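Structural description and commentary
The chain contents come next:
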Amino acid sequence: MTSPASTRTTPATGAPADRHAPSLPAYDAGLLVLRLALGLTMAVHGAQKLFGWFGGAGLDATGQFFTMSGYPSGKAMAAVAGLTETLGGLGLVLGLLTPLAGAAVAGTMVNAIAVKWGGGFFSPEGVEYELLLTAAAAALALTGPGRLAADRFLPGLRAHRLGYGIAAVVLGAVLAAVVLLLRK
């Protein structure tokens, strides 16, 4: 006699159902929570740079910081960083062009790590926070946004492929390296 679990089948394939199979809705919910937390954090951080919102310094003061940190054209670099954080963060929130949004955030955070390097690992001077944001952004670029995302409605990104994520992360790393090479 077979057990009741072995006689159930999945509607799509007719294959035996596995009670212990992972729950896709659980993955989607977890990815949504991660996207919202990381995306909103980065979008707000970018708005601090660009507009001085949420207690931020604004573009002029952030530009001065970038100049002191060795970047050429500090105000322009601050604008690039602010736009990348804001747009990358909002892309993560919406799940829109997620591989690129994650790579944009990760690339920006690589530069933040380079600026803070030398302060150790742990906060407040260390890089632990920036490293965590970098890893989370890269993970989202690699895994995709889940099914609760705008990418679901884009034909090319509907079925996320690992290759998209790898290509985006490599692009983000290369652009981050180029920006770091410009730093004095």
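Below: a short report on this structure. (Residues numbered from 1 in each chain as written. Predicted model: local features only at pLDDT ≥ 70, side-chain atom pairs only at ≥ 80, totals over all residues. Heavy atoms only, no water.)

This part is about the overall build of the protein. Helices and strands together make up the secondary structure of the protein, namely seven helices and zero strands. Element order for the protein, N to C, with α for helix and β for strand: α-α-α-α-α-α-α. A compact globule built from 184 residues should have a C-alpha radius of gyration of about 16 Å, whereas the protein, at 20 Å, is more than 25% larger. On the principal axes, the C-alpha backbone points of the protein span a range of 75 × 35 × 30 Å. Put simply, the protein has 184 residues, and 35% of those count as buried. A sequence separation of at least 24 residues applies to 61% of the contacts in the protein between residues at least 6 apart. With the model as given, the accessible surface of the protein reaches about 10500 Å², and the carbon-plus-sulfur share is 73%. Counting 12 positive and 8 negative side-chain charges, the protein places the averaged centre of each group 9 Å from the other. (Helix = DSSP H or I, 4+ residues; strand = E, 2+ residues; numbered from the N terminus. Rg over C-alpha atoms; globule rule 2.2 N^0.38 Å. Buried < 20%, exposed > 50% of the residue type's maximum accessible area, 1.4 Å probe, protein only. Contact = heavy atoms within 4.5 Å. Areas by Shrake-Rupley, 256 points an atom, 1.4 Å probe, with all protein chains shown as cover. Lys, Arg positive; Asp, Glu negative; His and termini not counted. Charge placed at Lys NZ, Arg CZ, Asp CG, Glu CD.)

With that settled, consider unusual backbone geometry. With an omega of 10 degrees, the peptide bond running from Ser123 to Pro124 counts as cis. One non-glycine residue with positive phi stands out, namely Ser73, at about 50 degrees. Summarising the element assignment, Ser73 is placed in the loop between α3 (58–68) and α4 (74–94). According to the relative accessible area criterion, Ser73 is exposed, its value standing at 56%. The phi torsion at Leu97 lies on the positive side, around 50 degrees, for a residue other than glycine. Tracing the backbone through its elements, the reader meets Leu97 in the loop between α4 and α5 (98–116).

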